[in-house]
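# Reading the structure
The lines below spell out each chain.
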Amino acid sequence: MAENWILEAEAKIRKKLPEVVKRSVHKVPYTSKNGVFDDWTNNIAWWTNGFWGGILWQLYHVTKDEMYRESAKELEEKLDATLMSPEDMDHDSGFRWLLTSGANFRETGKEESYRRTLLAACNMAGRFNPVGNYIRAWNDWGNKEKLGENAGIAIIDCMMNLPLLYWASEQTKDPRFYHIAVKHADTVMEHFIREDGSVIHIGEFDPYTGEFLRSVGGQGYAHGSAWTRGQAWAIYGFVLSYQHTKKEKYLECAQKIADYFISNIPQSGLIPVDFCQPGNCGWEDSTAAAIAACGMLEIAKSVGGGEDDLYRKAALKLLYTLYEKRCDWSPETDAIIQKCTAAYHDKEHEFTIIYGDYFFIEAIWKLTGQELFLW
Ligand code: GLY
């Protein structure tokens, strides 16, 4: 039986979202300005452009309201421009196509959506470096003098994209995608997870020999610090790899990272941008809280022996804190989750970000037993 606040959160999502979607039906939102969603239709290759689709499909799943499906279909078609441009594709294909065409295929069985999702998986598999056993994160930044500059870069976030490869193997009964996902996850286990359970953001390999060269500071406070969203991607990503492979080592790894995260949750329950940021810096990242909570709820489902309680309680603390302190339920404003941060060293902090809303809704749907599982 769900706790009262969870049912209240569910009711508030169901009340607010129809208003938001009505006025945003043709948009591809990332953030909001003065309460109004922006629109990334003209920057369609941006990595976050699938999350709006995820929100729409989660809502369609429980309401069967055609407005959600129509808007999601429009977004799925817009994403084709990226899918057909190899130079625009990166490792974030899971975020974009599992939550759009993948969701459409799961929900409606549409053939065209199946093909889009498989094409995205093929592109992602093509990013695998077979001597380093990692999936290349980004393309070059466009500097012709520095061709291959990102050929050796892998990032922790990619753990959340691996389910696209597991999906492709499950669908085609061809284990190549699965093998690539497992090899990448093993590489991340070896080089990205620190002794204390915290994780690095960016790893650099020699793309010709496969040798691991170094870790590089990324979106967190500093090299060697613990960027909270990176920790969250790792928690959720590893437990998903466990669920798809049944390899215990991935579950143990997800637990180790989650244990580190849990032991660093401040008394307030509000999550900083980086667990190692200076004490006088109060910048928060609510997306890290929502993503980590989703991962912990999946760990709670996967572990036995009474250990589930620790992860479920921590997830509920994170989500309840967001519900109490960081949700905007006004029907006049578009985003729900406040105080999200893209990167510690960016000029701006603490705004709304679409995947904060996506993962909060996903978590509430998990707790109320109505999630369309998309990973
Ligand atoms: N995947 C990039 C980020 O989490 O900001």
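All values reported here derive from a predicted model rather than from experimental measurement.

## Focus on the overall build of the protein chain
- Secondary structure assignment for the protein chain yields 14 helices and seven strands.
- Computed over the C-alpha atoms, the radius of gyration of the protein chain is 19 Å, within 12% of the 21 Å expected from 2.2 N^0.38 for a compact globule of 375 residues.
- Overall size of the protein chain, expressed as C-alpha extent along the three principal axes, is 55 × 45 × 45 Å.
- Within the protein chain, the fraction of its 375 residues that count as buried is 60%.
- A separation threshold of at least 6 residues defines the contact pool for the protein chain, and within that pool the share at least 24 residues apart is 68%.
- Per element, the accessible surface of the protein chain, about 14,800 Å² overall, is 51% carbon and sulfur.
- Here the protein chain carries 40 positive and 53 negative side-chain charges, and the mean point of each set is 2 Å from the other.

## A short note on the site of the ligand
- As a structural note, the neighbourhood of the ligand is formed by Trp47, Asp157, Gln219, Trp227, Arg229, Trp233 and Tyr355.
- Between an oxygen atom of the ligand and a side-chain N or O atom of Trp233, the distance comes to 2.9 Å.
- Protein coverage of the free-state accessible area of the ligand, which is 200 Å², stands at 93%.
- The site holding the ligand turns out to be the largest pocket.
- For the shell around the ligand, the residue count by class is four nonpolar, one polar and two charged.

## Describing the state of the cysteines
- Scanning the entire structure with this criterion turns up zero disulfides.
- In this structure Cys294 is not part of a disulfide, and its nearest cysteine sulfur, from Cys327, lies 13 Å away.

## Details of the layout of surface pockets
- Considered as a void within the structure, the largest pocket measures approximately 470 Å³ in volume.
- The wall of the largest pocket is formed by 23 residues, among which Trp46, Trp47, Asp90, Trp138 and Trp141 lie closest to the centre.
- Classifying every residue of the lining of the largest pocket gives 12 nonpolar, three polar and eight charged.

Conventions adopted
Residues numbered from 1 in each chain as written. Predicted model: local features only at pLDDT ≥ 70, side-chain atom pairs only at ≥ 80, totals over all residues. Heavy atoms only, no water. Helix = DSSP H or I, 4+ residues; strand = E, 2+ residues; numbered from the N terminus. Rg over C-alpha atoms; globule rule 2.2 N^0.38 Å. Buried < 20%, exposed > 50% of the residue type's maximum accessible area, 1.4 Å probe, protein only. Contact = heavy atoms within 4.5 Å. Areas by Shrake-Rupley, 256 points an atom, 1.4 Å probe, with all protein chains shown as cover. Lys, Arg positive; Asp, Glu negative; His and termini not counted. Charge placed at Lys NZ, Arg CZ, Asp CG, Glu CD. Near = heavy atom within 4 Å. Polar contact = N/O pair within 3.5 Å; in protein donor to acceptor, adjacent residues only side chain to side chain. 1 Å grid on protein atoms, 1.4 Å probe; cavity = no way out; pocket = protein on both sides within 12 Å on 5 of 7 lines; lining within 4 Å. Sits in = over half its atoms within 2 Å of the grid points. Nonpolar A, V, L, I, M, F, W, Y, C, P; charged D, E, K, R; others polar. Disulfide = S-S within 2.5 Å. Points joined across faces, edges and corners; volume = space filled by probe spheres on them.

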